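Observations on the model geometry
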Amino acid sequence: MASQFSKGNGNRLNSIGMMPLTRQLVASSGDLLRRRNVMVALAIFAGLQFIPARRTNPPVSTDFIAAAAVPAAEARLLRAACYDCHSQETRWPWYARVAPASWWIARHVREGREHLNFSKWPQGRPWEAKAKLESIAEALRNDSMPPGGYKLLHADAKLTSAQRLRLGAEVQTEAAALRLPSPPGGLSGIR
Ligand code: HEC
C-alpha cells in the first residue's frame, strides 16, 4: 500500500503525512475492538459459571469389586480406568468446576453411570448383568473404553494391551460363570 503511494502519483501529502496517521487510527480502533471482544468474552465466561453442573457422588449401594471379589491388581485397573464415569465414586478434577468443561464432564459421568454403574451391582436381572459383563469384556478387548480424550488427561487410565486383554479375559470368565436361573416353565416357557 505505502509503496503504491510513494511511486509519485502527485498525492505526496497522503504518502508522507496522512497515511501513517490514518493507519495509526485504524490500528488503535482495531486494538480497542479487540480489547472489547476480550472483555465481552471474559464477561460471558464469568456468566457461565453461574450455571452449575451436577457433580454428585451418591452413596454406593453394592460395589462391583466387592460383589465379584475382584483381585486387588485388577480392581486397581478398573478404578483407574473406569470408575470415574461408571461408578458413584467419581474423582472430580478441578476443571470439572469450570464451565463449560463442567457441563461436558458431568454429562459424560451421568451417561456413563446410566449405561453401566459399578456402584449398583448386579445390574438388573441376572441376564442383564451377564450381558453387561460381556460388553465390558468386549470394550476392553476392542480398546473402545475409556474414551480417547479421557486417556489423554489421565495417564493412569491408559491400560497396556496386556492389561486390557487380561482384565477382559477375567471379566469374560466371570460372565460365563454367572448361572442364569431357568425361565419360569423351563425353556418351553420362552418359546
Ligand atoms: C470419561 C468417561 C468414561 C470412562 C473413563 C469409561 N467410560 Fe465406558 N462409557 C462412557 C459413556 C459416556 C458411555 C455411554 C455412551 C457410549 O456408549 O459411548 C459408556 C459406555 C460403556 C459401555 C456400554 C455399556 C452398555 O451396556 O450400554 C461399556 C461396556 C463401558 N462403557 C465400559 C467401560 C470400561 C470397561 C471402562 C474402563 C476400562 C470405561 N467404560 C471407562 C464413559 C466412560
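Rules used in this analysis
Residues numbered from 1 in each chain as written. Predicted model: local features only at pLDDT ≥ 70, side-chain atom pairs only at ≥ 80, totals over all residues. Near = placed C-beta within 6 Å. Helix = DSSP H or I, 4+ residues; strand = E, 2+ residues; numbered from the N terminus. Nonpolar A, V, L, I, M, F, W, Y, C, P; charged D, E, K, R; others polar. Expected span 1.5 Å × (residues − 1). Buried ≥ 20, exposed ≤ 12 C-beta atoms within 10 Å, placed from the backbone. Arc of directions from axis to C-beta. Contact = placed C-beta atoms within 7 Å. pLDDT = per-residue confidence, 0-100. Core = buried A, V, L, I, M, F, W, Y, C linked by C-beta atoms within 7 Å.

**Comments concerning the site of the ligand**
- Surrounding the ligand, one finds 19 residues, the nearest of these being Cys82, Cys85, Gly112, Met145 and Pro146.
- Secondary-structure elements contributing two or more residues to the shell around the ligand are α5 (83-86), α6 (101-115) and α7 (126-142).
- Top contributing element to the shell around the ligand by residue count: α7, with five residues.
- Counted by class, the shell around the ligand contains eleven nonpolar, five polar and three charged residues.

**Topic: α6**
- For α6, with 15 residues, the first-to-last C-alpha span of 21 Å sits near the 21 Å given by 1.5 Å per residue.
- Those residues of α6 that sit buried are Ser102, Ile105, Val109 and Gly112. Projected down its long axis, α6 shows its buried positions confined to an angular sector of 100°, all on one face. When the buried face of α6 is taken as reference, the exposed residues oriented beyond 90 degrees from it are Arg107, Glu111, Glu114 and His115.
- The secondary structure elements touched by the buried residues of α6 are α5.

**What to know about the confidence of the model for the protein**
- Per-residue pLDDT for the protein has a mean of 86; in total, 84% of the residues score no lower than 70.
- Across the protein, element-level confidence peaks in α5 with a mean pLDDT of 97 and bottoms out in helix α1 (residues 2-6) with 47.

**Notes on the nonpolar core**
- Core analysis: the largest hydrophobic core is formed by 15 residues, its most contacted members being Phe64, Leu78, Ala81, Cys82, Tyr83 and Phe118.
- Sorting the residues of this core by element identifies α4 (72-81), α5 and α6 as the ones contributing at least two each.
- Residues within four places of phenylalanine 64 in sequence aside, it is in contact with Phe118 and Trp121.
- The next biggest cluster of nonpolar side chains, apart from the first, holds seven residues, and it includes Leu133, Leu140, Leu167 and Val171.

**Digging into the environment of glutamine 123**
- Residue placement: glutamine 123 occurs in the loop between α6 and α7.
- On a C-alpha basis, the gap between glutamine 123 and threonine 62 in space is 9.8 Å, while along the polypeptide they are 61 residues apart.
- In contact with glutamine 123, other than residues within four places in its own chain, are Asn117, Glu128, Ala129 and Lys132.

**A word on unusual backbone geometry**
- With an omega of 5°, the peptide bond running from alanine 99 to proline 100 counts as cis.
- When you line up the elements, proline 100 lands in the loop between α5 and α6.
- The amide bond that connects tryptophan 121 to the next residue, proline 122, takes the cis arrangement and shows omega of 5°.
- With respect to the element layout, proline 122 can be found in the loop between α6 and α7.
- For alanine 69, which is not glycine, the phi dihedral falls at a positive 50°.
- You can see alanine 69 is positioned in the loop between α3 (64-67) and α4.

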